[in-house]
Amino acid sequence: MGFVPLGLRDVVDHSPFPGTPFRWRMGVRNLAVENWLQIDDRRALDLLEKDLLSLRHPEQTFVARAGSEASAREVVDLVAESLAHHGHTLRTGARHPLDTAARSVQEDLCLLERDMGGDIPRWRLTAGSVCFPTRWDLRSKLGCTLTEIHAPVPGYAAQVGAHVDRFFDRMVPGALASRLNWSVVGEATRRLEPRDRQAPMVLPANPGTDLFVRIERQTLRRLVHHDAIVFGIRIHVWSLGQVAEDLPGSALAEMLDAMPLDVARYKDLDGLRGELAKWLRNRVE
């Protein structure tokens, strides 16, 4: 079965820039099981890149807690079923069932299991196979709760933390959902180390070709046989010019204007967001 590369409209069926005032939102949508994984003509190259990154950075691309194998084996079965639907087979030989699943797909995969040991049940990251992070360190997140994972995000706990926890708690076995996250970056590289600045300090001479919009298509799938959720992250990168043509440029401009300073700093946009918003508006006038 042949596949064509995924374009912006194949990934984004709604604007990732929800408008003003700025506020963190889950923005989740129901997802059909046949649309869980995304497969395109980059699959062979993406899997090769995952193999190379895993060899070069074995401790940075995979982590797992003892005892996570049982839930991860259910993820393997789900991935194998989805791949078969698309005419592909599971790859084997990885270090852990979750790594086997993730090294067979273009998404990075994380496993979150519900910890019932305390006064309040908490979802914790118990395994992760992540080759294409957006400036975060997988190793430091192992064993963390959702709030702890998102501690660097300004306003997360106050605005959306409790809502995210409730959403996880209420997902019924077999449920699937998706959401989008976005960044403006200065390169098309999909692996962004924590120390790397995502965007330049000043607007480049040709923003349409020298800046990129990085979209994370995030998926949540509640397992049926274990008290766990598999979290998928598929990274897509397009030039800013392409995004400005395919999506309303003013929507991103409005988000940039409304973004609090601490969020702009978190997204590495504090030095250029004003000029970038102006450039986007000039394109649609």
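Above this text is the structure in question.
Not measured: the values here are computed from a predicted model. (Residues numbered from 1 in each chain as written. Predicted model: local features only at pLDDT ≥ 70, side-chain atom pairs only at ≥ 80, totals over all residues. Heavy atoms only, no water.)

## So, the overall build of the protein chain
For the protein chain, the helix and strand inventory stands at 13 helices and 7 strands. Its C-alpha atoms give the protein chain a radius of gyration of 19 Å, near enough to 19 Å, the size a compact globule of 285 residues would have. Scored against the burial criterion, the 285 residues of the protein chain give a buried share of 52%. Here the analysis covers contacts within the protein chain between residues at least 6 apart in sequence; of these, 74% occur between residues at least 24 apart. On the protein chain, roughly 13100 Å² of surface is accessible, and the fraction owed to carbon and sulfur atoms is 51%. Here the protein chain contributes 37 positive and 38 negative side-chain charges, whose respective centroids are spaced 2 Å apart. (Helix = DSSP H or I, 4+ residues; strand = E, 2+ residues; numbered from the N terminus. Rg over C-alpha atoms; globule rule 2.2 N^0.38 Å. Buried < 20%, exposed > 50% of the residue type's maximum accessible area, 1.4 Å probe, protein only. Contact = heavy atoms within 4.5 Å. Areas by Shrake-Rupley, 256 points an atom, 1.4 Å probe, with all protein chains shown as cover. Lys, Arg positive; Asp, Glu negative; His and termini not counted. Charge placed at Lys NZ, Arg CZ, Asp CG, Glu CD.)

## Comments concerning the pairing of strand E3 (residues 108-115)
Counting buried positions over the 8 residues of E3 gives 6, a clear majority of the element. As judged from the 6 bridges shared by E3 and strand E7 (residues 228-239), these two strands associate in the antiparallel manner. What sits directly across from Leu111, in E7, is Val230. Strand direction decides the pairing type here: E3 and strand E4 (residues 122-129), joined by 7 bridges, are antiparallel. Bridge assignment links Asp115 to a residue of E4, and that residue is Arg122. Connecting the antiparallel pair E3 and E4 is a turn made up of 6 residues. (Pairing = 2+ DSSP bridges.)

## A look at a nonpolar patch on the surface
Together, Leu48, Leu52 and Leu55 line one region of the surface with nonpolar side chains, adding up to about 310 Å² of accessible area. Tracing the sequence through the fold places Leu55 in helix H2 (residues 43-56). For Leu55, a relative accessible area of 71% corresponds to the exposed category. (Patch = residues over 30% accessible without salt bridge, like charges linked within 9 Å, V, L, I, M, F, W, Y side chains within 5 Å. Salt bridge = Lys/Arg side-chain N within 4 Å of Asp/Glu carboxyl O.)

## Remarks on the environment of Ala44
With respect to the element layout, Ala44 can be found in helix H2. The class of Ala44 is exposed, set by a relative accessible area of 60%. Spatially, the C-alpha atoms of Ala44 and Ser104 are 9.8 Å apart, while their sequence positions differ by 60 residues.

## A look at the nonpolar core
Side chains of nonpolar character tend, in soluble globular proteins, to be buried together. Judged by nonpolar contacts, the single largest core of 57 residues is most densely connected at Trp182, Leu256, Leu276 and Leu280. Leave out the neighbours within four places in its chain, and Leu276 touches Val184, Leu203, Leu211, Leu240 and Leu256. With 21 residues, the next largest nonpolar core counts Trp36, Ile39, Ala102 and Ala228 among its residues. (Core = buried A, V, L, I, M, F, W, Y, C linked by side-chain atoms within 4.5 Å.)

## What about the pattern of salt bridges?
Scanning the entire structure with this criterion turns up 19 salt bridges. Taking the shortest distance from any N to any O, the salt bridge between Arg222 and Asp227 comes out at 3.0 Å. Taking the relative accessible area as the measure of exposure, Arg222 reaches 8% and is therefore buried. A salt bridge links Asp257 to Arg281; the nearest nitrogen and oxygen atoms lie 2.6 Å apart. Taken together, the positions of Asp257 in helix H11 (residues 249-258) and Arg281 in helix H13 (residues 273-284) put the pair 24 residues apart, joining distant regions of the chain.

## Quick look at H2
The end-to-end C-alpha separation of H2 is 20 Å, in line with the 20 Å expected for 14 residues at 1.5 Å each. Considered for burial, the residues of H2 that qualify are Arg43, Asp46, Leu47, Lys50, Asp51, Leu53 and Ser54. Here the buried face of H2 lies against helix H3 (58-61), helix H4 (69-85), helix H5 (97-102), E3 and E7. (Expected span 1.5 Å × (residues − 1).)

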